[in-house]
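Analysis of the macromolecular model
Below are the chains, spelled out letter by letter.
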Amino acid sequence: METARLSAAEREEINARAERLLERHGNSVLRLAYSYLHNMDDAEEILQESLIRFLQAAPSLENERHEKAWLLRVAGNLSKNRIAYNRLRHADQLEETLAAEQREDLSFVWEAVKRLPSSDREVIHLFYYEGFSTAEIAGILGQKESTVRSRLMRGREKLRRVLKEAYDFGESV
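In every chain, residue numbers begin from 1 and rise along the written sequence. Residue-level local features of this predicted model are given only where pLDDT is at least 70; pairs of side-chain atoms are given and counted only at 80 or more, and the full residue set underlies all totals for whole chains, interfaces and linings. Hydrogen atoms and water are omitted, and side-chain values are computed over all heavy atoms in the structure.

On to the overall build of the protein chain. Broken down by element type, the protein chain carries eight helices and zero strands. Helix and strand assignments come from DSSP, with helices taken as H or I runs of at least 4 residues and strands as E runs of at least 2, each series counted from the N terminus. When the helices and strands of the protein chain are listed from N to C terminus, the series reads α-α-α-α-α-α-α-α. Think of it in three bands: with a 1.4 Å probe and only protein chains considered, a residue is buried below 20% of the maximum accessible area for its type, exposed above 50%, and partly exposed in between. The burial tally for the protein chain puts 41% of its 173 residues in the buried class. Nonlocal contacts in the protein chain, meaning residues at least 24 apart in sequence, comprise 68% of its contacts between residues at least 6 apart. Here the Shrake-Rupley method, with its probe set to 1.4 Å, supplies the accessible areas, and only the displayed protein chains count as covering residues. Accessible area of the protein chain: about 10300 Å², with a carbon and sulfur share of 49%. The contact criterion used throughout is that any non-hydrogen atoms of two residues lie within 4.5 Å.

This is the structure we're talking about:
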């Protein structure tokens, strides 16, 4: 899709669609990318690239939930590619407002989640933070639902241990 060949009306329509996508799903895509990358600049680039891919592919999806799932799957794949490219450089701190969305009392849990391996972190993020069912997560990640449930169970157990360690030693997570 070359913008030079598009009419002003077509460009305006594309810009409006991108703006709607960003308003509806931008925070979710950004949070998912950040959960992989631990770097806000990289996460913002993944958000932009995900929106561009959506606009280029222009998929015909049933509803807004499928639209979000499509964007999250692309963002997850792009994030994994970025990790492979730059081997997870050390990152900046996630802003508290994004991590806990006005729930300061839960920010320590997000810090503990960040300590989990990527595979556990992504299912916990999608299940608890984004509110997807295990069946939906399976579709997003291209895995069996039983695998997602197992990863969720293992992730919860690891999170429980991380939180217990932090509590037992009185350290801030």
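Another aspect to go through is the nonpolar core. In this text, buried Ala, Val, Leu, Ile, Met, Phe, Trp, Tyr and Cys residues form a nonpolar core when linked through side-chain atoms within 4.5 Å. Counting 39 residues, the largest nonpolar core has Leu 72, Leu 126, Ile 137, Ile 140 and Leu 141 as the members making the most contacts within it. Among the secondary structure elements, those contributing two or more residues to this core are helix H1 (8–37), helix H2 (40–57), helix H3 (64–86), helix H5 (107–114), helix H6 (118–129), helix H7 (134–141) and helix H8 (145–169). For Ile 140, the residues in contact, after removing those within four places along its chain, are Ala 69, Leu 72, Arg 73, Leu 126 and Phe 132.

So, on to the packing of aromatic side chains. The geometry of an aromatic ring pair is captured by the separation of the ring centres together with the interplanar angle, meaning the angle of the planes. We call Phe, Tyr and Trp rings a pair once their centres come within 6.5 Å, taking the six-membered ring for Trp, and we label the pair stacked below 30 degrees between planes, edge-to-face above 60, and tilted otherwise. Within the structure shown, the criterion is met by two aromatic pairs. An angle of 85 degrees between the planes, with centres 4.8 Å apart, marks the rings of Phe 127 and Tyr 128 as edge-to-face. Given the relative accessible area of 26%, Phe 127 is considered partly exposed. A ring is scored as having a charge over it whenever the NZ atom of a lysine or the CZ atom of an arginine sits within 6 Å of its centre and within 35 degrees of its normal. Sitting above the plane of the Phe 127 ring, Arg 156 keeps its charged end 5.5 Å from the centroid.

Now for the pattern of salt bridges. A pair is scored as a salt bridge if a Lys or Arg side-chain nitrogen falls within 4 Å of a carboxyl oxygen belonging to Asp or Glu. Here the structure, examined in full by the defined rule, presents 14 salt bridges. Salt-bridge contacts for Lys 80 lead to Glu 122; the nearest nitrogen and oxygen are separated by 4.0 Å. Highlighted residues: Lys 80 in helix H3 and Glu 122 in helix H6, separated in sequence by 42 residues. For Glu 122, a relative accessible area of 6% gives the class buried. Residue Glu 157 pairs with Arg 161 through a salt bridge whose shortest N-O separation is 3.8 Å.

When pLDDT is averaged along the protein chain, the result is 79, and 81% of the positions lie at 70 or above. Segment residues 88–103 is flagged for pLDDT under 50; beyond a separation of four residues in sequence, or across chains, it makes 37 contacts in the model. pLDDT is defined as a per-residue confidence score from the predictor, taking values between 0 and 100.

For the rest of this paragraph, the subject is unusual backbone geometry. In the Ramachandran plot, His 38 falls in the positive-phi region, its phi being about 55 degrees despite a non-glycine side chain. One can find His 38 in the loop between H1 and H2. Taking the relative accessible area as the measure of exposure, His 38 reaches 13% and is therefore buried.

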